[in-house]
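For reference, the chains in residue letters:
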Amino acid sequence: MASFVRLVLALAAPSIFLSAVSAQTFTNCNPLSQSCPPDPALGRSASFDFTKGASDMFTTQGAPSYVSDGAQFTVAKSGDSPQIISKFYLMFGRVELTLKAAPGAGIVSSAVLQSDDLDEIDWEWLGADNGQVQTNYFGKGQTGSYDRGAFHAAPGNQNGFHTYTIDWTASQITWQIDGATVRTLLPAASNNQYPQTPMQIKIGAWSGGDPSNAPGTIQWARGPTNYANGPFSMFVKSITATDYSTGTQYKYGDNSGSWQSIVAVGGSVNPSGSGSSGQNQQPPPPPPQSSAKPAATSSAPAP
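Just so you know, these numbers come straight off a predicted model, no measurement behind them.

Reading guide: rules and limits
Residues numbered from 1 in each chain as written. Predicted model: local features only at pLDDT ≥ 70, side-chain atom pairs only at ≥ 80, totals over all residues. Heavy atoms only, no water. Helix = DSSP H or I, 4+ residues; strand = E, 2+ residues; numbered from the N terminus. Buried < 20%, exposed > 50% of the residue type's maximum accessible area, 1.4 Å probe, protein only. Contact = heavy atoms within 4.5 Å. Areas by Shrake-Rupley, 256 points an atom, 1.4 Å probe, with all protein chains shown as cover. Pairing = 2+ DSSP bridges. Core = buried A, V, L, I, M, F, W, Y, C linked by side-chain atoms within 4.5 Å. UniProt positions renumbered as here; feature names shortened; annotations may be inferred.

Counting its secondary structure elements, the protein contains two helices and 18 strands. Within the protein, buried positions represent 55% of all 303 residues. Look at the contacts in the protein between residues 6 or more apart in sequence, and 69% of them connect residues 24 or more apart. When the accessible surface of the protein is split by element, carbon and sulfur atoms take 52% of a total near 11500 Å².

Shown next as structure tokens:
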């Protein structure tokens, strides 16, 4: 996707499932290496009904359209990469998307939570696979190994709308499809890459199978893409976002990248998702870290 693309530089061997979302995201200013503006906080719950049109809480790029089924993200030719990006950030939270994935070999639909220091939590749908969805995560943009992704049954994901949820706290991340949990990640299983800094919502569609892409990207996306078979469209009917923390802005207090360093201006950081355990109180110890691989519902090799 043009506005948050870092091209995949590696070639994927058959046993390595190369992630495109890790290649799609970028940061305009990394607060771990430079001074950056504070992030605007959502600080509450909000719902967005895209069947009623665009929301001024999101920026749009690549000209998504709005129809009776919601926001429409269409890939019709090489270079198309429509997307929306939230103007707000969540500091731990819950995001529910009612979505219908795009069909088409090489076409990728994605829903990403991503922070300025490149923490990331993902959903990805491949247009060549109408029966599965991939989950993934990254910490601080580390892509030295490809062992974080997992596949989950999602039959008919291109035929109708389903609700996909990410619930994110300091103690675990859960991915759900239509209310059923398909994956849970604990910090101890994250290989020191547990996402824990304020995140935006980024949603869009693009062609990983475009002939101009690296061979590894095309292979990952199950391309190449034949645009003559298109256009290919993903639809997002609605999004509900809940920020578990409060305030108007989130600032990085230092360059550690830990959630304990985040300052909530006019509010408090809530690592648990319930109650009140803000930054003015003694924080619980940081999530344990280890070199263990993440818990997953699939053993399929993926980034």
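Let us keep going from here.
Spatially, E1-E17-E18 is the arrangement adopted by the three strands of the open sheet, whose pairing is antiparallel. The open sheet has two edge strands, strand E1 (39-40) and strand E18 (262-265), and neither has a second partner. Judged from the four bridges that link them, strand E17 (residues 249-252) and E18 form a sheet pairing that is antiparallel. Following the sheet pairing, Lys251 is matched in E18 by Val263.

Buried together is how nonpolar side chains tend to be arranged in soluble globular proteins. Trp123, Trp168, Trp175, Ile201, Ile203 and Ile239 are the most contacted members of the largest nonpolar core, which has 57 residues in total. Residue contributions to this core peak at five residues, all from strand E16 (residues 232-243). Grouped together as the second largest cluster of nonpolar side chains are five residues, Val108, Trp206, Trp220 and Ala221 included.

Alternating residues of strand E6 (residues 83-86) divide into Gln83 and Ile85 and Ile84 and Ser86, and every residue in both groups is buried. Relative to E6, strand E3 (residues 58-61) runs antiparallel, the two being bridged by four bridges. Bridged to Thr60 within E6 is Ile84. For E6 and strand E15 (residues 199-207), the ladder comprises three bridges, and the chain directions are antiparallel. The residue bridging Ile84 from the neighbouring strand is Ile203, located in E15.

This paragraph deals with the UniProt feature "active site" (unreviewed entry) in the protein. The UniProt entry lists Glu120 and Glu124 under the feature "active site" (unreviewed entry), expressed in the numbering used here. The residue Glu120 is located in strand E9 (residues 120-126) in this model. The class for Glu120 is buried, based on a relative accessible area of 1%. When you line up the elements, Glu124 lands in strand E9.

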